[in-house]
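Coordinates in review
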Amino acid sequence: MWQSYVNGLLVAAGLIMAIGTQNAFVLAQSLRREHHLPVAALCVTCDALLVAAGVFGLATVLAQNPTLLAIARWGGAAFLLWYGSQALRRACSKQSLQQGENQTVRSLRAVMLSALAVTLLNPHVYLDTVLLIGSLGAQQTEPGAYVVGAASASLLWFFTLALGAAWLAPWLARPSTWRILDLLVAIMMFTVAFQLVVS
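Rules used in this analysis
Residues numbered from 1 in each chain as written. Predicted model: local features only at pLDDT ≥ 70, side-chain atom pairs only at ≥ 80, totals over all residues. Heavy atoms only, no water. UniProt positions renumbered as here; feature names shortened; annotations may be inferred. Helix = DSSP H or I, 4+ residues; strand = E, 2+ residues; numbered from the N terminus. Core = buried A, V, L, I, M, F, W, Y, C linked by side-chain atoms within 4.5 Å. Buried < 20%, exposed > 50% of the residue type's maximum accessible area, 1.4 Å probe, protein only. Expected span 1.5 Å × (residues − 1). Phe/Tyr/Trp six-rings, centres within 6.5 Å; stacked < 30°, edge-to-face > 60°. Contact = heavy atoms within 4.5 Å. Axes fitted to C-alpha atoms, helices over the stretch in contact; angles between N-to-C directions. Parallel < 35°, antiparallel > 145°, perpendicular 65-115°, else oblique. Left-handed = near helix turned anticlockwise from the far one by under 90°. Nonpolar A, V, L, I, M, F, W, Y, C, P; charged D, E, K, R; others polar.

Turning next to the UniProt feature "transmembrane region" (unreviewed entry) in the protein. Cross-referencing UniProt, the feature "transmembrane region" (unreviewed entry) maps to residues 6–27, 39–62, 68–88, 108–126, 146–168 and 180–198 in the present numbering. From the first C-alpha to the last, residues 108–126 spans 25 Å; its make-up is 89% helix and 0% strand.

Take a look at the structure:
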């Protein structure tokens, strides 16, 4: 059982810690101190559910259905282009992006819906969690322990990211820092979208 748990922990940690749209979103919310803990919890929950779905059968279904994969790819690319455009617009804005009295704080509902979109409309999430992590987990002697291990990696990573970034917010919350962050997010979103379209 412990071997399956450790396998899930290590495989998921290696994939989750890579730079991705989900990580960029959690980081941005954490720096803004805008519902960052609920966002981290949502990302952990989604990852755990997707890994479990992959381990217990969905990986095989998706791998055999090119139509579903195509829908995920083109829908994800469209969303990433839109999200990248929003980040680029913020980076080019003359408006101060640091926290302050004039900053508009979005509602919890709006932030959580955005987090769901970043998570569920990104095809790489399905490729990583459902297909890759899931298919590896289906081969474990204790698939349930593997899912718990993968969920543990997600929990540790997203809450470390959320709490660590929030702790650094007083030093990082400067307009130039926000513009650089938004520019990097835009570049990353456009790059991932391009890779999806040409793949």
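A negative phi angle is the norm for most residues apart from glycine, just as the trans form is the norm for most peptide bonds. One non-glycine residue, His35, lies in positive phi territory at about 55 degrees. Within the secondary structure layout, His35 lies in the loop between helix H2 (21–32) and helix H3 (36–63).

Looking now at the nonpolar core. Soluble globular proteins tend to bury their nonpolar side chains together. Grouped together as the largest cluster of nonpolar side chains are 37 residues, with contacts concentrated most on Phe25, Val26, Val39 and Phe158. Those elements giving two or more residues to this core turn out to be helix H1 (2–16), H2, H3, helix H4 (66–92), helix H5 (108–120), helix H7 (143–172) and helix H8 (175–198).

Helix length check: H5 (13 residues) gives 18 Å between terminal C-alpha atoms against 18 Å at 1.5 Å per residue, within 8%. Considered for burial, the residues of H5 that qualify are Val111, Ser114, Ala115, Ala117, Val118 and Thr119.

Considering all chains together, one arrives at 1 aromatic pair under this definition. Ring centres of Trp2 and Tyr5 lie 5.7 Å apart, and the angle between their planes is 80 degrees; this geometry places the pair in the edge-to-face category. One end of the pair is Trp2 and the other is Tyr5, both in helix H1 and 3 residues apart, which spans about a single turn.

What follows concerns the side chain of Ser152. Within the secondary structure, Ser152 sits in helix H7. Ser152 gets classed as buried once you look at its relative accessible area, which sits at 16%. Setting aside chain neighbours within four positions, we find Ser152 in contact with Tyr5 and Leu9.

Once that is clear, we can look at the packing of H2 against H5. Put simply, H2 and H5 touch, their axes get as near as 9 Å, and they point 160 degrees apart. Viewed along their axes, H2 and H5 adopt a mutual orientation that is roughly antiparallel. The handedness of the crossing between H2 and H5 comes out as right-handed. Seen from H2, the contacting residues are Thr21, Gln22, Phe25 and Gln29; seen from H5, they are Val111, Ser114, Ala115, Val118 and Thr119. Partitioned by chemical class, the residues of the contact of H2 with H5 number 4 nonpolar, 5 polar and no charged.

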